[in-house]
2 protein chains.
Amino acid sequence: MFPSRLKESAAMVQAHLDATLSPLGNLPVHEAMRYASAGGKRLRAFLVLESARLHGVAPDNAIWPATAIEAIHAYSLVHDDLPCMDDDDLRRGLPTVHVKWDETTAVLAGDALQTFGFECVSRPDCHPDPLVRADLVLSLARAAGAKGMVLGQALDIAAETAATPLSLDEITHLQAGKTGALITWAATAGACMARADMAPLARYAADLGLAFQIADDILDIEGDAATVGKAVGKDADAGKATFVSLLGLDGAKRHAADLVTDACDALSSYGDEAETLREAARFVIARDS
Amino acid sequence: MFPSRLKESAAMVQAHLDATLSPLGNLPVHEAMRYASAGGKRLRAFLVLESARLHGVAPDNAIWPATAIEAIHAYSLVHDDLPCMDDDDLRRGLPTVHVKWDETTAVLAGDALQTFGFECVSRPDCHPDPLVRADLVLSLARAAGAKGMVLGQALDIAAETAATPLSLDEITHLQAGKTGALITWAATAGACMARADMAPLARYAADLGLAFQIADDILDIEGDAATVGKAVGKDADAGKATFVSLLGLDGAKRHAADLVTDACDALSSYGDEAETLREAARFVIARDS
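Counting restarts for each chain: residues are numbered from 1 in the order of the written sequence. For this description, chains carry letters from A and ligands carry numbers from 1, given in the order in which they are written. Only residues with pLDDT of at least 70 get local features here, since the model is predicted, and only at 80 or more are side-chain atom pairs given and counted; chain-wide, interface and lining totals rely on the full set of residues.

All right, on to the overall build of chain A then. A run of H or I in DSSP becomes a helix once it reaches four residues, and a run of E becomes a strand once it reaches two; helices and strands are each numbered from the N terminus. From N to C terminus, chain A includes 14 helices and 2 strands. Computation of the radius of gyration draws on C-alpha atoms alone. For the globule rule, the value is 2.2 Å times the number of residues to the power 0.38. In terms of overall dimensions, chain A is globule-like: its C-alpha atoms have a radius of gyration of 18 Å, near the 19 Å expected for 289 residues. Dimensions of chain A along its principal axes, counting C-alpha atoms only, are 50 × 50 × 30 Å. Any residue surrounded by 20 or more other C-beta atoms within 10 Å of its C-beta is treated as buried, while 12 or fewer makes it exposed and the intermediate range makes it partly exposed; C-beta atoms here are placed from the backbone. Residue burial in chain A is summarised as follows: out of 289 residues, 53% are buried. When contacts within chain A are restricted to residue pairs at least 6 apart in sequence, those whose partners lie at least 24 apart make up 71%. What counts as a contact here is a pair of residues whose C-beta atoms, placed from the backbone, lie within 7 Å.

Each partner contributes to the interface: chain B provides 39 residues, whereas chain A provides 39 residues. Where the side of chain B that touches chain A is concerned, the elements lending two or more residues are helix 2 (28-36), helix 6 (103-122), helix 7 (130-144) and helix 8 (149-160) of chain B. It is helix 6 of chain B that provides the largest number of residues to the side of chain B that touches chain A, a total of 12 residues.

Alignment of the copies relies on least squares applied to C-alpha atoms, considering only residues that score at least 70 for pLDDT in both. Overlaying chain B on chain A yields an RMSD of 0.0 Å, the required transformation being a rotation through 180° with an accompanying axial translation of 0.0 Å. One copy is carried onto the other by what is essentially a two-fold rotation axis. The overlap is high: 100% of the interface residues of chain B also sit at the interface in chain A, so the same surface is used on both sides.

Turning our attention to the nonpolar core. Defined on buried residues, the nonpolar core groups Ala, Val, Leu, Ile, Met, Phe, Trp, Tyr and Cys residues joined through C-beta atoms within 7 Å. Grouped together as the largest cluster of nonpolar side chains are 196 residues, with contacts concentrated most on Ala109, Leu140 and Ala211 of chain A together with Ala109, Leu140 and Ala211 of chain B. Sequence-distant contacts of Leu140 of chain B, defined by excluding residues within four places in its chain, comprise Ala68, Ile72, Gly117, Phe118, Val121 and Trp185 of chain B.

Residue pairs spaced three or four apart in an α-helix point in one direction, given the helix's 3.6 residues per turn. All names here are of chain A. Here helix 1 (residues 2-21) is 20 residues long and its end C-alpha atoms lie 28 Å apart, about the 28 Å a rise of 1.5 Å per residue gives. By the burial criterion, the buried members of helix 1 are Leu6, Ser9, Val13, Leu17 and Leu21. Buried residues in helix 1, looked at end-on, bunch into an arc of 75°, giving them a common side. The exposed residues of helix 1 that point more than 90 degrees off its buried face are Ser4, Lys7, Ala11, Ala15, Asp18 and Ala19. Looking at the buried side of helix 1, the elements it contacts are helix 2 (28-36), helix 3 (43-54) and helix 4 (59-80). By this rule the span expected of a helix is its residue count minus one, scaled by 1.5 Å. Of all possible arcs, the one meant is that of the directions from the helix axis to the C-beta atoms.

Despite not being glycine, Arg195 of chain A shows a phi value in the positive range, around 50°. Within the element layout of this structure, Arg195 of chain A appears in the loop between helix 9 (168-193) and helix 10 (199-222). For Arg92 of chain B, which is not glycine, the phi dihedral falls at a positive 55°.

With respect to the secondary-structure elements, Gly56 of chain A resides in the loop between helix 3 and helix 4. For the pair Gly56 of chain A and Met193 of chain A, spaced 137 residues apart in sequence, the C-alpha separation works out to 9.5 Å.

Looking now at the packing of helix 4 of chain A against helix 9 of chain A. All names here are of chain A. A fitted line through C-alpha atoms serves as each axis, taken over the contacting stretch for helices, and the angle formed by two N-to-C directions is quoted from 0 to 180°. Closest axis-to-axis distance for the helix 4/helix 9 pair is 10 Å, and the angle between their directions is 165°. Between helix 4 and helix 9, the crossing angle belongs to the class labelled roughly antiparallel. Where helix 4 crosses over helix 9, the handedness of that crossing is right-handed. Mapping the contact onto sequence places Asn61, Ala62, Pro65, Ile69, Ile72 and His73 in helix 4 and Leu182, Trp185, Ala186, Ala189, Gly190 and Met193 in helix 9. Looking at the contact of helix 4 with helix 9 residue by residue, the classes come out as 9 nonpolar, 3 polar and no charged. When describing relative orientation, an angle under 35 degrees is termed roughly parallel and one over 145 degrees roughly antiparallel, while 65 to 115 degrees is termed roughly perpendicular and anything else oblique. Left-handed is the label given to a crossing in which the near helix is rotated counterclockwise from the far helix by less than a right angle, and right-handed is the label when the rotation is clockwise. Polar here means any residue outside two lists: the nonpolar Ala, Val, Leu, Ile, Met, Phe, Trp, Tyr, Cys and Pro, and the charged Asp, Glu, Lys and Arg; Gly therefore counts as polar.

Now the structure itself:
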C-alpha cells in the first residue's frame, strides 16, 4: 500500500509543480527552480496527502500544501548544497544547482522556491477557509524559520567548530529543527486543513522525523553513494557527532526501531485507517536511499 | 510632516523588530538577522503605516506588515550583497553581513528573514480577519517571488552578459520587479487591511517605485559614498544601462519629476489626507542617500 501511495503522491506533486512553475518563464532562475524541485522521494508531500486523506480533505486542496512543503524542502537543499554551506556537487544523483548553473542562480532559485512555498498555501484554491490558509502559512513559517529548520542548520554549523562534540540531547534538538520541523508540518497539515486535533499526528511526526534522521546517519556509514544519490561518509570524515557516533551502529538502529514503534502507536486513535502512515514509518528506517 | 512621520515609522518598526527578533537566540544567524534588519530609511514601513492611517487601520495591526516588508527588504539586501551577487562590502555605512560574519551566516540570515516576513503577516495579531492575513501573504509572496523581486534581480543579472544594453522599456520592466513590487505591496497594504479599493495606491506606488529607482541611478553618479552609505559609480564602471545612461542626467531627472507628479495625482480621491504620501514622493527624488 505505502509504496504505491508514495509513488502516486510523487506523481501528483510533480504534475502540480510542472503546472505551477512552467508559466514562470525561462530565465536560469526559473529553470533552476524546476530542476531543484524535481525528483526526490516526496515523503513530505506523501505525508501531507495521506494526512489529508485521513481527514477527508479533498486532494485538490491538499495538493497545495504538498507542493508548498516540497518547494520549501527544495529551497533548503539548494542553499545547503552551496559552497559556503555543505559544498555538495551531487544531489539525487545529479549536479547540484550551483554546479549546473552558478552560485548566483542557486541563491536566487532557493529564495524564490521559499517564496513560492508561501504562495502555494495562501492561494484561495488551497482551502476555502482563509483561517486555514493563514494558519498553514504561520505554522510553515515557524517550522522553516529561525526557531525551526534554519535553527537546526545554524546549530549544525556551530557544532562544526565547537570544542566538544554534541551530546545525544543536543543532536536530538538540532535534528528536531533541521529535519523534524518540516516533517511535522507535513504530517499535521491534513488535520490542520480539517480543523481537527493535530496532536496524534504531531507525536507520530516527531518520532518519524528523528527516525528518518538516524536512518540518514546510518546510510552515511552503510550506504552506497550511487544508490543514496549523494556523497556518503562525509560526517564520519568530518568527525561530526551523529546518532551513529553516539550510540554505535547497532544502538542507532535499535533507537530508530523504537521510535518507529512509538510513531505507529501515536496513531492508535485512527485505527486501521492510518496503516499507510505506519508503513511509511517502517519504510524510513528500511530505505537504502 | 513627512520627515517626522518617516522618523516615527522608523522608530516604531525598529522597536517592533527588537521585540520580535530578540527572543530568537544568540547564534550568529540570529545576531545577523537583527544586524541586517536595523537601520535604513524605512520608506517601505512608512508606506505601510501611512496607507494604514489613511484607511483608519490601527497601528497595532499595521506594525506587522510594516515589519514584514522591512524583513523581506533586509533579506533581499543581505543576499544581493553576497560575493556571488553584487559583492558589496558596505551597506548603510557598515560592513555587510558576509563581511562581518561569513557567507554561510549571510545565506541563512537572509533565508530566515524572508521566513520571518511571512510569519509577521500570518500572525493573528496582524489582523483579526484571516482573509486579510491570507491576502497579505499571497500578495507579498507574489511581490517578492519569481515574478516580482526575484525576477527583477534575475533580469538585472541577465543584462550584465547580454549582447545589447537594455532598452528603456526593458529597464522599466526590470525595476518594476526589483524595487517596484515591494514598494507597491507596502503602499497598498493599508487599503488591503481595510478591504478598500487598492487601485489609487497601486498607481501611486508604481510611479513612486520607478522614481525611487531613477533617483538611485542618479545617486550612483552624483552621490557621495559616505552619505549614500554604499559604493557609488558601480553601474557606470560596469557599463550597465541605467535610466541615466539611457536618458542622460537631465532627462532622468525630468522623468523622475514627471513620475512624482503622476504619483501625487493618483491620490486625488484622498484629498488633503494623502499630503504626507505626496511629500514622500517628492522626497524620494530629492534625497541624498
